[in-house]
Every structure is written in C-alpha cells, then in structure tokens.
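The primary structure of each chain is shown beneath.
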Amino acid sequence: MEYVSRVPRPPLDGLIDDLYYLEGTPPYARLMLPASPAAWLIVNLGAPFHIRGGTDVAAAEYADGCVVTTPTRALEFGYPVPTRSVGVHFKPWGPAAFLPMPAAELCDRPVTLEQVWGRPTVAELRERLAGADRPADMLTLLEEELTRRLGETAGLGLVRHTSSIITATGGAVAIGDLVTAAGVSSTHLAQRFKELIGVTPKRLARSHRFAATMLAVDPAGPIDWSELASGAGYFDQAHFGHDFRAFTGLTPTRYVEERRRFLREHPGHVLDGWPLPAD
C-alpha cells in the first residue's frame, strides 16, 4: 500500500496531527482498530467501506467517507479492494472546529461526511481530490478545505490546554489536579470535554494510558501482563482484561496472537502497529 502523510500548516497544526493519503490493497479485508485518544476524518475515493463498532451486529456502509470522534471501543473496518482515500488524524479536540454538532453525539457512532458538511460540499471535494495528479496535491486540497471551514469554537482553549496536559503525562494525571489548574468546576470541565471531544477528561486519560500499554507490548518477546496491568493503573487482572477487550475487541492473549500474525504475514507493512486482522 502507498501511504503519504504530512503535518498541516498553522493554524491547523494545533488541531491536527497529520493529513494522509492511502491507496492500495489492504493486508486483510477486515481490520480491527483499537480505541485511541484521537479522532479521524476520511474522504473516501473508492468503493464504499464498512464500519462495525463493538458488539454491533451489522456493519454500516460509508460511501463518501466518515468522521469518528475519540472512540471508547474498538471499531472494525471493512476495506474495499483496492482502497483509496485521503484523511485527517485529529488531536482529540480537533474535530470540534469543523463539526456542526457536539462531539458527544458522534462518540462511538461514526457519521458520514455528508452528514457533517452536506452533500454538495462533499461531492465537490471528492471530485477535486479524484482529479488531482499527486498525493501531495490531494493533501493540499484537503488542507485548503479544512482551512476554509475552520471556525471559532467556544471553550476550545480550555479543553485544548487541559487535554495537552493529559497527553503530555500519558494519562497519568489526577483529574482533581486538572480541575484545580483549570479554575473551573469538575462538572463544567466534563461538559466542555464531552461537547468538544466526546468523552470526559477521565475517559480521555484512560484512553491515553491504554494506548501506551498496547504500544508497549512487544509481540516478539515474553510479556508480563501483571506488570503491564499495574503500569496502566489496574489492581487486578480481571478488570484489566475486561477493559483490554473493550479497547481492542480482543483478549490480551488473542491480541498478541494477531499482532504476531500481522508481523509474520506482512513484515514492514505501513499499517503495522495499530490495526489488527479481524477476519
């Protein structure tokens, strides 16, 4: 697969980690994406893809693309063969500047791009992207569209500053300390977070801790699950295992098996490290 990415220029760099282009044949027809302290926007330029969340029985179809705010559970992606898209990896607070609705309404409920920006805008954007000659040109077009749609968002400064502390500490920060530093009530801070990120500060911190735990797993070597659970703030294996399954869609043992499978069947693949085989 071809994967091209870059960081956008200011002021978008304060909202977005990177813009990316993806094209080719996915390593598996279905991939499981563990929950992460991030959000995404995908502009689809190929056949429709499908997303199934958590225990949902059926997968929903997305033809034009989708927006996903910070998830609390794993999402299963069914990619077409071949696949082609451009997209955005947002910082947790990033989508709020481009959404016409509170982020909480999208939590674990991906919406189509048309629902966010309207059919005419999305159709025109997809047409311009499809007509671009190079991935770099496509990323520039997407960046220009995002810049045009960038708006003022009440409370963004507070949420951005507090979230940055959570990110810098890997989620290992007392929420009470965040509230004190912010100079607002815990209720006000939680409400702002849910409006602009989709989850509370406590949940965002938990996502950071769990993401760090998963990325610390070396599938090529022995794994001390007790040590990992303790490092993630869990006092018992049962609670850790329950949350692990919610975040990844897999048990800890199965997660390692699938990571090893990915490494064995697709060494050096551009998608290695986060998505997992789901078929």
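Small disclaimer: the values here were computed from a predicted structure and weren't measured.

The rules we used
Residues numbered from 1 in each chain as written. Predicted model: local features only at pLDDT ≥ 70, side-chain atom pairs only at ≥ 80, totals over all residues. Heavy atoms only, no water. Helix = DSSP H or I, 4+ residues; strand = E, 2+ residues; numbered from the N terminus. Expected span 1.5 Å × (residues − 1). Buried < 20%, exposed > 50% of the residue type's maximum accessible area, 1.4 Å probe, protein only. Phe/Tyr/Trp six-rings, centres within 6.5 Å; stacked < 30°, edge-to-face > 60°. Pairing = 2+ DSSP bridges. Contact = heavy atoms within 4.5 Å. Axes fitted to C-alpha atoms, helices over the stretch in contact; angles between N-to-C directions.

1. Let's talk about helix α10 (residues 252–265)
Moving on, step 1. Between its first and last C-alpha, α10 extends 20 Å over 14 residues, near the 20 Å set by a 1.5 Å rise per residue.
Moving on, step 2. Taken together, the buried positions of α10 are Pro252, Tyr255, Val256, Glu258, Arg259, Arg261 and Phe262.

2. Remarks on the packing of aromatic side chains
Moving on, step 1. Evaluated as defined, the whole model comprises 16 aromatic pairs.
Moving on, step 2. When the ring of Tyr234 is compared with that of Phe240, the centres are 5.5 Å apart and the planes differ by 70°; the resulting orientation is edge-to-face.

3. Section: unusual backbone geometry
Moving on, step 1. The residue after Pro10, namely Pro11, is reached through a cis peptide bond having omega 5°.
Moving on, step 2. Mapped onto the elements, Pro11 comes out in the loop between β1 (2–6) and β2 (16–24).
Moving on, step 3. Of the consecutive residues Val81 and Pro82, the connecting peptide bond is found in the cis state with omega at -5°.
Moving on, step 4. For Pro82, the location among the structural elements is in the loop between β8 (75–78) and β9 (83–90).
Moving on, step 5. Of note in the backbone geometry, Asp108 takes a positive phi value of approximately 60° without being a glycine.
Moving on, step 6. Note on Asp108: relative accessible area 16%, which makes it buried.

4. A word on the sheet that holds β1
Moving on, step 1. Ordered in space as β1-β2-β9-β4-β7-β10, the 6 strands form an open sheet in which the pairing is antiparallel. Because the sheet does not close on itself, it has two edges, and the strands there are β1 and β10 (111–112).
Moving on, step 2. When strand β4 (residues 39–44) meets strand β7 (residues 65–68), the two strands line up antiparallel, connected through 4 bridges. Bridging from a neighbouring strand, Leu41 pairs with Val67 of β7.
Moving on, step 3. Contacts from helix α2 (residues 119–130) reach β4 and β9 within the one sheet, and its direction differs from that of β4 by about 70°.
Moving on, step 4. Of the strands in this sheet, β1, β2, β4 and β9 are in contact with helix α3 (residues 135–149), which crosses β2 at around 140°.

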